[in-house]
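The residues making up each chain are set out below.
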Amino acid sequence: MSRTLLIVKPDAAERNLIGHIISRLEKSRYKIVEMKMVRLTEEVTRKFYAVHEGQPFLDDLVAFMTSGPVVPMALEKDNAVEDLRILIGATNPETAACGTIRFEIGKNIEKNSVHASDSDENAAKEIAFFF
């Protein structure tokens, strides 16, 4: 078993899609190990996205991620990181594969409804950040 992190972003929380996302995860055989709803501060958000420091999109990302509640969750299953990346789809919902979460409910490249860890190493760091 391996673990990964998924965050339901403010746009999905605002549209009452938390349960829908959880259902998709459970149907894909993920076990939710930990989960909570939080309202991120600017300071916490900048720390979480420190890897993007200096990028032109960082200020908009921080503003978006602090605009409403988010739901981080630690998920567990075999091949958790790679399988979740496939399930959520490409960052831009317009180019995400049909049937993926972002294709289905993402609005645009910024409001793409979910964040997921991109490697086992980052998953461990991101899970520790929230839990």
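Residues numbered from 1 in each chain as written. Predicted model: local features only at pLDDT ≥ 70, side-chain atom pairs only at ≥ 80, totals over all residues. Heavy atoms only, no water.

K.L.:
When you look at the side chain of His-115 in this model, what are you seeing that I'm missing?
P.N.:
Mapped onto the fold, His-115 is located in strand E4 (residues 114-116). Within the structure, the side chain of His-115 is placed 3.1 Å from the side chain of Glu-126, a separation counted as a polar contact. Non-local contacts of His-115, meaning those with residues more than four positions away in its chain, are made with Leu-5, Leu-6, Ile-7, Lys-9, Phe-48, Tyr-49, Arg-102 and Glu-126. (Helix = DSSP H or I, 4+ residues; strand = E, 2+ residues; numbered from the N terminus. Polar contact = N/O pair within 3.5 Å; in protein donor to acceptor, adjacent residues only side chain to side chain. Contact = heavy atoms within 4.5 Å.)

K.L.:
Would you mind going over the nonpolar core with me for this structure?
P.N.:
General note: in soluble globular proteins, nonpolar side chains tend to be found buried as a group. With 21 residues, the main nonpolar core has Leu-6, Val-8, Ile-21, Leu-25, Met-73 and Leu-84 as its most contacted residues. The set of elements that each furnish at least two residues to this core consists of strand E1 (2-8), helix H1 (10-14), helix H2 (18-27), strand E3 (71-77), helix H5 (80-88), helix H6 (101-105) and E4. Setting aside residues no more than four positions away along its own chain, Ile-21 makes contact with Leu-6, Val-8, Ala-12, Ile-105, Ser-113 and Val-114. With 14 residues, the next largest nonpolar core counts Leu-5, Ile-7, Leu-40 and Leu-61 among its residues. (Core = buried A, V, L, I, M, F, W, Y, C linked by side-chain atoms within 4.5 Å. Buried < 20%, exposed > 50% of the residue type's maximum accessible area, 1.4 Å probe, protein only.)

K.L.:
Looking at this structure, I do not really get the pattern of salt bridges. What am I missing?
P.N.:
Two side chains with opposite charge may pair up if their charged atoms get near one another. Under the definition given, this model contains six salt bridges. Its salt-bridge partner being Arg-24, residue Glu-104 comes within 2.8 Å of it at the nearest N-O pair. Highlighted residues: Glu-104 in helix H6 and Arg-24 in helix H2, separated in sequence by 80 residues. Since its relative accessible area comes to 16%, Arg-24 is described here as buried. (Salt bridge = Lys/Arg side-chain N within 4 Å of Asp/Glu carboxyl O.)

K.L.:
Please explain the side chain of Ser-113 as it appears in this structure.
P.N.:
Looking at the secondary structure, you find Ser-113 in the loop between H6 and E4. Classification of Ser-113 by relative accessible area gives buried; the value is 0%. Apart from the residues within four sequence positions on either side, Ser-113 is in contact with Ile-7, Val-8, Lys-9, Asp-11, Ala-12, Arg-15, Ile-21, Ile-105 and Gly-106.

K.L.:
Please clarify how the pairing of E3 should be interpreted in this entry.
P.N.:
Regular strands place side chains that alternate from one sheet face to the opposite one. Burial within E3 is extensive, with seven of its seven residues counted as buried. Across the two faces of E3 the burial is the same, with Val-71, Met-73, Leu-75 and Lys-77 and Pro-72, Ala-74 and Glu-76 all buried. Pairing of E1 with E3, which is carried by seven bridges, proceeds in the antiparallel orientation. Within E3, the position partnered with Arg-3 by the bridge is Glu-76. (Pairing = 2+ DSSP bridges.)

K.L.:
Help me understand unusual backbone geometry in this model?
P.N.:
Not every positive phi belongs to a glycine, and Asn-79 is a case in point at roughly 60°. Positive phi, normally seen in glycine, also occurs at Ser-113, with a value near 75°.

K.L.:
It is not clear to me how helix H4 (residues 58-65) should be interpreted in this structure. Could you clarify?
P.N.:
Given 3.6 residues per turn, any residue in an α-helix points the same way as the ones three and four places further on. Listing the buried residues of H4 in full gives Leu-58, Leu-61, Val-62, Phe-64 and Met-65. Around the axis of H4, the buried residues are gathered within 165° of arc, so they sit on the same side. (Arc of directions from axis to C-beta.)

K.L.:
What is the right way to look at the environment of Leu-58 in this model?
P.N.:
Its place among the elements puts Leu-58 in helix H4. Owing to a relative accessible area of 2%, Leu-58 belongs among the buried residues under this scheme. The sequence separation of Leu-58 and Arg-46 amounts to 12 residues, and the corresponding C-alpha distance is 8.2 Å. Look past the residues within four positions of Leu-58 in its chain and what remains in contact with it is Arg-46, Tyr-49, His-52 and Glu-53.

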